[in-house]
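As a plain string of letters, each chain reads:
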Amino acid sequence: MGQNSLRGSSAGCATAWLPSACFYHMLGQGSREEVGSQPCRAWWYCGLLVGSWEPLPLMAFVSQHQIQKGSSDYFLTSGDKIRFFFEKGVLDERGNFLIPKEKSVSKIGHALHAYDPVFKQVTHSSKVQELGRKLGLERPVVVQSMYIFKQPGIGGEVTPHQDATFLYTEPLGRILGFWIALEDATQENGCLWFIPGSHTRGITRRMVRAASGSSTCVEFVGSDPAYDDNQFIPLPISKGGLILIHGEVVHKSELNSSESSRHAFTFHVMEAKDTSWSKENWLQPTPELPFPSLYT
């Protein structure tokens, strides 16, 4: 199993089960054949969207710092559901789509791992479970999952961030992202970029649920430092490849200005042993869907 040579320093790493690495590039974990059913399943959902479902209220990220108030319930209650989220700028002032609905979807989330048989099988596959055990995960639970389209021409930029900003735990170092390329991810269509070693520096900003009566459903506490673009290193990956993303590594992706989409299935795992999930996180387990164990 190949590993990319770009790795973060182990100094100060708080994650015992992911020592010495802020990200891995793991070819061979999947295959081009194994991921074939996932895009088909995502387009099946888009068919439902076009044929029978009016996505109101729409979820629209105004910026990294604000979410439209009218969509707050739709967003905050999506952790145990399968819902559609759209790219910015795909609607006119009256709420009509400027481009076809199925080409406007940014992502589907956040409980594909629990309710869709295809994505549930992938999330709990023998390869994923074997990898978790090799990393020393003792009680890993799946907290969320997303299908990301990164649509050609309009797939939005994802600004530099750390996953632990949104999925905060005490102690830190307990969140791990699995990012599976369902199509080739290149610099042209918006592959991921990382700052090696940035997972050792902690976090300076959190996204938390806003107080009742606020104009937005979430708010940010603290601020990110100014990141030097020259620190980022691109990580293109072929269809079927897997990237493991440490919860505190700084990463981003650029606008997809190409004519090719960049589909990916991603889910996040928390090591639940001796870990506290913040009640201020936007995402919360529910009676209907407690965080399920990765191991079956």
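Residues numbered from 1 in each chain as written. Predicted model: local features only at pLDDT ≥ 70, side-chain atom pairs only at ≥ 80, totals over all residues. Heavy atoms only, no water.

Moving on, we come to the environment of Phe232. With respect to the helices and strands, the residue Phe232 is situated in the loop between β12 (218-222) and β13 (233-235). Among the residues examined, Phe232 registers a relative accessible area of 5% and is labelled buried. Taking the C-alpha atoms as reference points, Phe232 and Ile195, 37 residues apart in sequence, are found 4.7 Å from one another. (Helix = DSSP H or I, 4+ residues; strand = E, 2+ residues; numbered from the N terminus. Buried < 20%, exposed > 50% of the residue type's maximum accessible area, 1.4 Å probe, protein only.)

Turning our attention to the side chain of Glu271. With respect to the helices, strands and loops of the structure, Glu271 is situated in strand β16 (residues 264-271). Summary of buried charges: Glu271 has no salt-bridge partner, and the nearest side chain of opposite charge, Arg174, is 5.7 Å away. Within the local environment of Glu271, its side chain forms a polar contact with the backbone nitrogen of Arg139, the two atoms lying 2.9 Å apart. (Lys, Arg positive; Asp, Glu negative; His and termini not counted. Salt bridge = Lys/Arg side-chain N within 4 Å of Asp/Glu carboxyl O. Polar contact = N/O pair within 3.5 Å; in protein donor to acceptor, adjacent residues only side chain to side chain.)

What follows concerns the nonpolar core. Phe178 and Phe267 are the most contacted members of the largest nonpolar core, which totals 48 residues. The contact partners of Phe178, leaving out residues within four places of it in the chain, are Val128, Leu131, Leu242, Ile243, Leu244, Phe265, Thr266, Phe267 and Val269. Judged by nonpolar contacts, the second largest core, of 16 residues, contains Cys191, Phe232, Ile237 and Ile243. (Core = buried A, V, L, I, M, F, W, Y, C linked by side-chain atoms within 4.5 Å. Contact = heavy atoms within 4.5 Å.)

Strand order in this open sheet of four strands is β7-β15-β10-β13, and the pairing throughout is antiparallel. Each of the sheet's edge strands pairs with one partner strand only, and the pair in question is β7 (158-161) and β13. Across this sheet, the average inter-strand angle for adjacent strands is 25°, counted without regard to direction. Relative to strand β15 (residues 251-253), β7 runs antiparallel, the two sharing two bridges. (Pairing = 2+ DSSP bridges. Axes fitted to C-alpha atoms, helices over the stretch in contact; angles between N-to-C directions.)

This next bit is on the pairing of strand β11 (residues 205-209). Taken across its five residues, β11 has four buried, putting it largely inside the fold. Pairing between β11 and β12: five bridges, direction antiparallel. Each bridged residue has a counterpart across the sheet, and for Arg206 the counterpart in β12 is Val221.

Quick look at helix α5 (residues 126-134) now. Residues of α5 that are buried include every one of Val128, Gln129, Leu131 and Gly132, and no others. Across the axial projection of α5, the buried residues extend over an arc of 160°, all falling on one side. The outward face of α5, more than 90 degrees from its buried face, is lined by the exposed residues Ser126 and Lys134. Downstream of α5 by one or two residues, Gly136 has phi in the positive range, about 85°. (Arc of directions from axis to C-beta.)

Attention now moves to unusual backbone geometry. In the segment running from Gly109 into His110, the intervening peptide bond is cis, with an omega of 5°. Structurally, the position occupied by His110 is in strand β5 (residues 105-110). Note that the residue after Glu170, namely Pro171, is joined by a cis bond; omega there is -5°. Even without glycine at this site, Lys150 takes up a positive phi of about 45°. Relative to the elements of secondary structure, Lys150 occurs in the loop between β6 (140-148) and β7. The exposure class assigned to Lys150 is buried, which follows from its relative accessible area of 4%. For Asp274, which is not a glycine, the phi torsion comes out positive at approximately 60°. Note that Asp274 resides in the loop between β16 and β17 (276-277).

Scanning the entire structure with this criterion turns up 11 aromatic pairs. Taking 4.8 Å as the distance between ring centres and 35° as the angle between the ring planes, the aromatic pair formed by Phe119 and Phe265 counts as tilted. Here the residue Phe119 occupies a position in helix α4 (residues 117-123), and Phe265 occupies one in strand β16, the gap between them amounting to 146 residues. On the basis of relative accessible area, Phe119 is assigned to the buried category, the value being 1%. Take Phe265: its relative accessible area is 0%, and that puts it in the buried class. With a centroid separation of 6.1 Å and an interplanar angle of 90°, the aromatic rings of Phe166 and Phe220 are classed as edge-to-face. (Phe/Tyr/Trp six-rings, centres within 6.5 Å; stacked < 30°, edge-to-face > 60°.)

Across all of its chains, the model carries seven salt bridges by this definition. For the salt bridge of Glu138 with Lys273, the shortest nitrogen-to-oxygen distance reads 2.8 Å. In this pair, Glu138 is assigned in the loop between α5 and β6 and Lys273 in the loop between β16 and β17, connecting sequence segments 135 residues apart. Residue Arg206 is joined to Glu280 by a salt bridge in which the shortest nitrogen-to-oxygen separation is 3.3 Å. Residue Arg206 is found in strand β11, and its partner Glu280 is found in the segment after β17; the two are separated by 74 residues along the sequence.

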